[in-house]
Every structure is written in C-alpha cells, then in structure tokens.
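What the coordinates show
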Amino acid sequence: MKISNIKLRLAGVLSLASFTLGLPSCSFFNSFDESPAAKVIEINSLSLAKTALETQIGAMEYVSVSVKPSKEQKNITLKWDYDASIIECDKSSNWGVTIKGLAEGQTSLRCSYGGYEAHCLVTVKGFAENYEVTTEPYIYSNYSVLQTSPGVSEKVFVSLYGGDVSDIDGYTWTVDNPAVASIQPTGQYCMITAKDAGYARIKITHTKAAYPYYMGVYVFADATEVSYITTSNNIVTMNQDDGDKAISVSLVNGKEGLLDSQFAWEIINEKDEESPISLSFNGNNAVISPKHGGSCTLRVTHPDSAYPLDILCRVISIVKNVYIQPSTTVVTLTGVTEQTITSELVNLNAGEYNIDGFKYILDDYNVAEIVGSVGNQVTLKGVANGSCKLIISHEKSEYSREVLVIANGQLKDAVDASCYITTSQNYIRTKVGAAGQTINISLKGGEDGD
C-alpha cells in the first residue's frame, strides 16, 4: 500500500512542468530537475512472488520481487527486514532474495522501497535431508547432584542436545537404590521423592544418545552435619583427539585438619571392556586423558564422606561423513549465459572415488536445462524466469546436495515486439448528443485465446 498520496504529487509535478513550458528559458526547469527530490526514483507497485513460505534448516529457497515500472527495478535499492536468527538472506539481487533456514521458528520477511512494502511469512521447520548435525546427540541437565531430606519431592528434567520436540518419548529413567528414593518419570521430566537417608544414583538414557546421563541423589537426615563430596560438573565430555582434562573435588562439612590426600579415585566401567580414559590423581585433583570412544564412571571417595561422588566421563569419536561439496550453492543464469558447477566429495581423497559417479537432475526443467555433464562438472542454461534446484548425488555419499538455480532475463519471458494492438480507427469525431460509436480492438501477431 502506498503511504503517501501519489496522485497529488504527480498532479503537482505535471502542473509545474506545464508552467515551465511557457518560459523563454529552460534554466528554471534545469534547476528543478537537479533538486534532491527529483532524483528519487518513483515506482508504482512492489510485490513478492510468495506471501508465505515453509522451508527447513539447511535448505535454500528463492523468492522473486516484482517492481513496476520494471525498467526501474535495476536502479533502486530494496530494504529487507527479518529475524536473522531464523533465516539468512542473500539480498545482492534486485530481482529476488535467496533464503536459507538457520533455526526452527517463524519470521516475517519484509521488502520495502519508496513507501511501498511487501511481506512473506517464512516458517522454518525440521531439517533438510542433506543437513548434518555435527555434534552427536547427548543428554544434559541442570541437575547433576540432588541434595534432599526424607519425605521431600522434587521435579527434575533433562534435555537431548541435538534432538527436537519429537524426542520427548525416548527417555528411560532407572534408580539403583529405590529404598533411598523413588522416581515417577514422564518423558524428559521426573518426580523424585526422598524416602530414607542414603545415596542413590539415577540413570537416564535415550534412544538417540550413545551414552547415559547420571544424577546423584543424596538424602540427608540433617544436611548441615553430614559430610559429602561435590564438584562443579559431574559430566565430562571429551573428543578422542582432545588433550588432558583436569577435575577437582571438595569435601563439604568436613572436619578441620582433614587432608586432601585422603581422596581416592577409581574408574568403573559398566561393561567388561577397556576403559576409554586413563587417570592420574593427587589428593582432590585428577587429570584424565581420552583413549578411545566410550563412557565410564569416575568414582571419588573420602573416609569422612558417607557417600561417594560419581562423575560420568564421555569420550566421543567423531566419524567423518562423506558429503558432496559444490563450487557454489546458488547459481544465477542470466539470458543465454551458461554456468558450470564443479563438485567434490569431502573426507575422501580424489583417487578414492569414481569421478564419473556424480548424477545430476533438475526439479523443474521449465526453468533451466542441463546442457551437458562430464565427471564432476555440470553445465546449466536458463529457459524461463524463475527458480529451481539442481540435485547432485554420488554413490559414495549418503545424502544428495542441492544447488539453488535462479534464471532471469530469459527471452521466453521477454515482451514480444511482433505482437501489437490495433484498432479500426485511431480517432473519433463526435459532438454532444450524438449517438454512440463502436471501436474494434484486436491483437496482431498473437495466438487464439489471447
């Protein structure tokens, strides 16, 4: 919608232009033309090809812009507004915007210029097929140690890093000492009720997480007098290629004169297998080093602590997935110009895969066409204004890769100069009170139905 009254503005400009025609000199007209207001490019309308768009994280879409008069579109500078935490936009083209989903959510994409504006509601939901989550899913929580008293109930929760809302039913909760505490789990939430003084460990697993999460429950008859061991974090995650990790613990409500040298450390493996870490310790400080992928429990004890402290240690082995990397992810085909895209497989050396194993298809051959392909190179040419996607696949890659193809300035969509409008007569002579006259209008050079 036009914010200012363009009709009044145009009427004023036309009146002033008519007045200057009668002047003997055009110097006044030149000075008017050179004023800052005259340099503003006027447009009649602004619109987006889509008013609503649904995409995915990692996917790219294209929304074209239409400005009238079209001859001014290349000369104006469009303004774009959107939530940059949800989508990423390439605004370098005056004929459209390339949108990439970053995070799940919804934002209004707003394009504006000269008092005109257009909106597109963009919804980002789910992940694109070729989107790779680089971090292995794991369970985490703000609750690592729970200190309570008999008869007290507390609600705790966990989350799955790298998961989504559909993973809420994948959790399993178990407690190793039900005489100390009972649990009532519901999805990612659990109600823990302390029953008797003692120590219990709650184990949480998830179908998508390789390693469990442990939560320690200390039930004290009088927490102000009982000594116990604590640490800043009871879950340690390391990459297999990481260096050493330092851990320290402390004794709460300990007696004066106690020596830190009385702390004892040991590695507990749930399965009968080699420990994923090596351990060296001195008093209340320890250093762990990753050896291979897996998880284990680091248990710390002290003679004056009624209960031990368990620390979960996770060593992640990152698997390098093979994926397709094109030379560009957005291709613009202008007029008859051809563009070539070169692809390669990442995490495989060039001699370890068949270069002729790449396959190429377009999801819309009305917009572009594949001129030819040889090995890891494919050449495209535009057919009609619009956008489509080039889908690249390879036998060694689990996922295909998409390249956004934008075609503009295509001859098929240009105005045909051989088509024109004509009438039976190009002037009418009439007078007040005369009978009506008929004018025949026809399109020359068109087709039936035009």
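Look above for the structure.
Residues numbered from 1 in each chain as written. Predicted model: local features only at pLDDT ≥ 70, side-chain atom pairs only at ≥ 80, totals over all residues. Heavy atoms only, no water.

**Focus on the overall build of the protein**
Looking only at helices and strands, one finds two helices and 36 strands in the protein. For the protein, the proportion of its 450 residues judged to be buried stands at 34%. Of the roughly 26100 Å² of accessible surface on the protein, a fraction of 50% belongs to carbon and sulfur atoms. (Helix = DSSP H or I, 4+ residues; strand = E, 2+ residues; numbered from the N terminus. Buried < 20%, exposed > 50% of the residue type's maximum accessible area, 1.4 Å probe, protein only. Areas by Shrake-Rupley, 256 points an atom, 1.4 Å probe, with all protein chains shown as cover.)

**Re the pattern of salt bridges**
Enumeration according to the criterion identifies nine salt bridges in this entry. With its nearest N and O atoms 2.9 Å apart, the salt bridge here joins Asp-167 to Lys-208. With Asp-167 in the loop between β12 (159-161) and β13 (171-175) and Lys-208 in the loop between β16 (198-206) and β17 (213-219), this pair connects stretches of sequence that are 41 residues apart. We classify Asp-167 as buried; its relative accessible area is 7%. Overall, Lys-208 belongs to the partly exposed group, its relative accessible area being 45%. Salt-bridge contacts for Arg-299 lead to Asp-310; the nearest nitrogen and oxygen are separated by 2.7 Å. Residue Arg-299 is found in strand β25 (residues 294-301), and its partner Asp-310 is found in strand β26 (residues 309-316); the two are separated by eleven residues along the sequence. According to the relative accessible area criterion, Arg-299 is partly exposed, its value standing at 25%. Overall, Asp-310 belongs to the buried group, its relative accessible area being 7%. Shared partners join several salt bridges into a network, and the residues in it are Glu-61, Lys-389 and Glu-402. (Salt bridge = Lys/Arg side-chain N within 4 Å of Asp/Glu carboxyl O.)

**Some remarks on the pairing of strand β24 (residues 285-290)**
Sheet topology note: the strand β20 (residues 245-248)/β24 ladder contains four bridges and is antiparallel. Bridged to Ile-247 within β24 is Ala-286. In this sheet, β24 lies alongside strand β23 (residues 277-282) in antiparallel orientation, the contact comprising six bridges. Bridging from a neighbouring strand, Leu-279 pairs with Ile-288 of β24. Connecting β23 to the antiparallel partner β24 that follows it, the hairpin turn spans two residues, and Gly-283 within it adopts a positive phi of roughly 65 degrees. (Pairing = 2+ DSSP bridges.)

**What about the state of the cysteines?**
Following the criterion strictly, the structure yields zero disulfides and no others. Between Cys-296, a free cysteine, and Cys-313, which holds the nearest cysteine sulfur, the sulfur-to-sulfur gap is 4.8 Å. Exposure remark for Cys-296: the relative accessible area of 3% places this residue in the buried category. (Disulfide = S-S within 2.5 Å.)

**Here we look at the sheet that holds β25**
Pairing within the open sheet is mixed, and its four strands lie in the order β19-β26-β25-β22. Each edge of the open sheet is held by one strand with a lone partner, namely β19 (235-239) and β22 (264-268). The sheet shows a mean angle of 25 degrees between the axes of neighbouring strands, direction not considered. With five bridges joining them, β19 and β26 adopt parallel strand pairing. Considered in β26, the bridge of Met-238 is made with Val-315. (Axes fitted to C-alpha atoms, helices over the stretch in contact; angles between N-to-C directions.)

**Focus on the environment of Ile-139**
The residue Ile-139 is located in strand β9 (residues 138-140) in this model. According to the relative accessible area criterion, Ile-139 is buried, its value standing at 2%. For Ile-139 and Gly-163, which are 24 residues apart along the polypeptide, the C-alpha to C-alpha distance reads 9.5 Å. Excluding anything up to four places from it in sequence, Ile-139 contacts Val-158, Ser-159, Leu-160, Ile-204, Thr-205, His-206, Ala-209, Tyr-211, Tyr-213 and Ile-235. (Contact = heavy atoms within 4.5 Å.)

**Section: the packing of aromatic side chains**
Summed over all chains, the structure comprises seven aromatic pairs. Here Tyr-199 and Tyr-218 contribute two aromatic rings whose centre-to-centre distance is 4.9 Å and whose plane-to-plane angle is 45 degrees, an arrangement assigned as tilted. Of this pair, Tyr-199 sits in strand β16 while Tyr-218 sits in strand β17, placing them 19 residues apart in sequence. An identical accessibility class is assigned to Tyr-199 and Tyr-218; each is buried. Every member of this aromatic cluster is reached through a ring pair, and the members are Tyr-199, Tyr-218, Phe-220 and Tyr-228. In this structure, Arg-201 packs its charged tip against the face of Tyr-214, placed 3.8 Å from the ring centre. (Phe/Tyr/Trp six-rings, centres within 6.5 Å; stacked < 30°, edge-to-face > 60°. Lys NZ or Arg CZ within 6 Å of the ring centre and 35° of its normal.)

**Re the sheet that holds β20**
Within the open sheet, the three strands sit side by side as β20-β24-β23. Their pairing is antiparallel. Two strands lie at the open edges of the sheet, namely β20 and β23, each paired on one side alone. The mean angle between the axes of side-by-side strands here comes to 25 degrees, regardless of whether they run parallel or antiparallel.

**What to know about the side chain of Asn-408**
Relative to the elements of secondary structure, Asn-408 occurs in strand β34 (residues 401-408). Non-local contacts of Asn-408, meaning those with residues more than four positions away in its chain, are made with Thr-332, Leu-333, Thr-334, Gly-335 and Asn-385.

**Quick word on the environment of Thr-332**
Looking at the element boundaries, Thr-332 is found in strand β28 (residues 330-334). Owing to a relative accessible area of 38%, Thr-332 belongs among the partly exposed residues under this scheme. Taking C-alpha positions, Thr-332 is 9.9 Å from Leu-380, a pair spaced 48 residues apart along the chain. Setting aside residues no more than four positions away along its own chain, Thr-332 makes contact with Gln-339, Ile-406 and Asn-408.

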